[in-house]
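For reference, the chains in residue letters:
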Amino acid sequence: MSADQEMKPKYKFYLEFPDQWDDVFSYMDNTVTQWCQRRNNTFLKLLDRIIIVGTSVELGVIVPFFFFYLGVDSLAIASAAMMMSLIVVTQIPKRFMWRKRPYMAARAKKLCDGALTSSFPSRAVTCCVVYLYLLSAIIEIVERHEKDPVAPFRLFWTFKFLLFTVWAVCWTSIARVGVGVHYASDCVAGVVQGGLVCYIAETTYYIIVNSCCQGTTLFYADRTLTSHHINWHGLLLATVIGMVVVGALSSDLIQYWKKMHFVLGLLYPVLTGLFLFCCGYHILPRLSLKQVSIPRYILAAALPLLLLAIGRRCLPHSSGKCGCCRVQQQSQSGAESD
């Protein structure tokens, strides 16, 4: 088997990045890569590790769980819509469009443990845009503390926040290109993809708030949830559907995403809670806690982190049978760098 064949994905049903596109972007990609790798920069390597953690999908799926546990329902709805849109939109090109990473194609020096996934587009850049968009909504809702969440994402479009977003995206792109795991064109595509995710997520948020929740804002609610409010038939149906979806997408036949089982494992219960407890005429519109203690904040953060750690521990390594590529990896630790 040739080295080129070993660089191909193990799964089936994918398209290779067109050579015509590579030719169009080659000058920009090569120029930016050479500039970013002009020095063997230790700072760049450290920055990349920080960015990998800060833009990881694992970090994002904790946020809806955290806010729903605290009872801050409007933020939980916004973050759940954001993360579900992110998972669906970003994995489609990652799964079905294969592009060798720069170090795989001998177009850049490998300065870190690169992921054995497609280079196009940069999910780290996408997550940078999406997480800052979500951060703007969190700041807006918390500062205003209003009963009506009108335009919670408007802070993002202020000059200062946009300038900060551009600064963060530039440093994320420099770090990812500098360590040899992405092209500049991947980063540009990541920005476009991030904008698409934000648009879909914001639209979903308003649909849920204005239709499903009947226009009622769930910030800090006045009443607590009891077992009498639970739609047990709906809960059972949602559980079965979740098991089927996760099982199918994680199967050897589809191999959609090796992170799918623990990503949806944290996100799907939040979505189930949203539609069972926040939607429908038979459900009280205000069910969460009015005040939150410090220990509850700690527990709200510790519980999803524990579940995430268990999921990561059970995640098959890419050098084993469930790996997505035939490329052998000597060591793999930490979050997957996308």
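About the cut-offs
Residues numbered from 1 in each chain as written. Predicted model: local features only at pLDDT ≥ 70, side-chain atom pairs only at ≥ 80, totals over all residues. Heavy atoms only, no water. Helix = DSSP H or I, 4+ residues; strand = E, 2+ residues; numbered from the N terminus. Buried < 20%, exposed > 50% of the residue type's maximum accessible area, 1.4 Å probe, protein only. Contact = heavy atoms within 4.5 Å. Areas by Shrake-Rupley, 256 points an atom, 1.4 Å probe, with all protein chains shown as cover. Expected span 1.5 Å × (residues − 1). Arc of directions from axis to C-beta. Patch = residues over 30% accessible without salt bridge, like charges linked within 9 Å, V, L, I, M, F, W, Y side chains within 5 Å. Salt bridge = Lys/Arg side-chain N within 4 Å of Asp/Glu carboxyl O. Axes fitted to C-alpha atoms, helices over the stretch in contact; angles between N-to-C directions. Parallel < 35°, antiparallel > 145°, perpendicular 65-115°, else oblique. Polar contact = N/O pair within 3.5 Å; in protein donor to acceptor, adjacent residues only side chain to side chain. Bend = angle between axes of the 7 residues up to and from the residue. Phe/Tyr/Trp six-rings, centres within 6.5 Å; stacked < 30°, edge-to-face > 60°. Lys NZ or Arg CZ within 6 Å of the ring centre and 35° of its normal.

Enquirer: Sorry if this is basic, but what is going on with the overall build of the protein chain here?
Expert: Helices and strands together make up the secondary structure of the protein chain, namely 11 helices and two strands. Across the protein chain, helices and strands are ordered from the amino to the carboxyl terminus as α-β-α-α-α-α-β-α-α-α-α-α-α. Counting the 338 residues in the protein chain, one finds 49% classified as buried. The long-range share in the protein chain, meaning contacts at least 24 apart out of those at least 6 apart in sequence, stands at 81%. Taken as a whole, the protein chain presents about 17000 Å² of accessible surface, with 67% of it coming from carbon and sulfur.

Enquirer: For this particular structure, what's the right way to read helix H9 (residues 232–249)?
Expert: Side chains three or four residues apart in an α-helix point the same way, a direct result of the helix having 3.6 residues per turn. Here H9 spans 26 Å end to end across 18 residues, near enough to the 26 Å set by a 1.5 Å rise per residue. Buried within H9 we find Gly234, Ala238, Gly242 and Val246. Angularly, the buried residues of H9 cover 90° about the axis, an arc narrow enough to put them on a single face. What points out from H9, more than 90 degrees from its buried face, is the exposed set Trp232, His233, Leu236, Leu237, Met243 and Val244.

Enquirer: What's the story with the environment of leucine 155 in this structure? I'm lost.
Expert: Relative to the helices and strands, leucine 155 resides in the loop between helix H6 (123–144) and helix H7 (159–178). When residues no more than four places from it in sequence are discounted, the contact partners of leucine 155 are Ser136, Ile139, Glu140 and Phe161.

Enquirer: I'm lost on a nonpolar patch on the surface in this one. Help?
Expert: On the surface, Trp21, Val24, Phe25, Met28, Val188 and Val192 cluster together into a nonpolar patch covering about 550 Å² of accessible area. Of all the secondary-structure elements, those providing two or more residues to the nonpolar patch are helix H2 (19–36) and helix H8 (184–212). Counting residues per element, the nonpolar patch draws most heavily on H2, at four residues. Relative to the helices and strands, valine 24 resides in helix H2.

Enquirer: What should I look at first to understand the packing of H2 against H7 in this one?
Expert: The angle between the axes and the distance between the axes are what describe a pair of packed helices. For the pair H2 and H7, the least separation of the axes is 8 Å and the interaxial angle reads 90°. Regarding the angle of H2 to H7, the classification is roughly perpendicular. Contacts between H2 and H7 involve Val32, Thr33, Trp35 and Cys36 from the first element and Ile174, Val177 and Gly178 from the second.

Enquirer: Hey, could you run me through the side chain of serine 185 in this one?
Expert: Turning to its location among the elements, serine 185 is positioned in helix H8. Judged by its relative accessible area of 5%, serine 185 falls in the buried class. In this structure, serine 185 is in contact with Phe25, Met28, Asp29 and Arg99, ignoring residues within four places of it in sequence.

Enquirer: Hey, could you run me through the side chain of serine 118 in this one?
Expert: Take serine 118: it is sitting in the loop between strand S2 (97–98) and H6. In terms of polar contacts, serine 118 uses its side chain to reach the backbone amide nitrogen of phenylalanine 120, at 3.3 Å. Dropping the residues within four chain positions of it, serine 118 is found in contact with Lys94, Met97, Trp98, Arg99 and Arg101.

Enquirer: Teacher, can you tell me more about H2 here?
Expert: In this model H2 runs 24 Å from its N-terminal to its C-terminal C-alpha over 18 residues, within 8% of the 26 Å that 1.5 Å per residue would give. Phenylalanine 25 marks the point of greatest bend in H2, at about 55°. Where H2 is concerned, the buried positions are Asp22, Asp29, Thr33 and Cys36.

Enquirer: Explain the packing of aromatic side chains here, please?
Expert: Aromatic ring pairs are described here by two measures, namely the spacing of the ring centres and the angle between the planes. Scanning all chains against the criterion turns up 11 aromatic pairs. One cation-aromatic arrangement involves arginine 38 over tryptophan 35; the distance from NZ or CZ to the ring centre is 4.4 Å. When the ring centre of phenylalanine 17 is taken as origin, the NZ or CZ atom of arginine 99, which lies over that ring, is 4.2 Å away.

Enquirer: Would you take a moment to explain unusual backbone geometry for this structure?
Expert: Residues apart from glycine generally show negative phi values, whereas peptide bonds are mostly found in trans. Put simply, phenylalanine 120 and proline 121 share a cis peptide bond, and its omega is -15°. Positive phi, close to 60°, is recorded for alanine 106, a residue that is not glycine.

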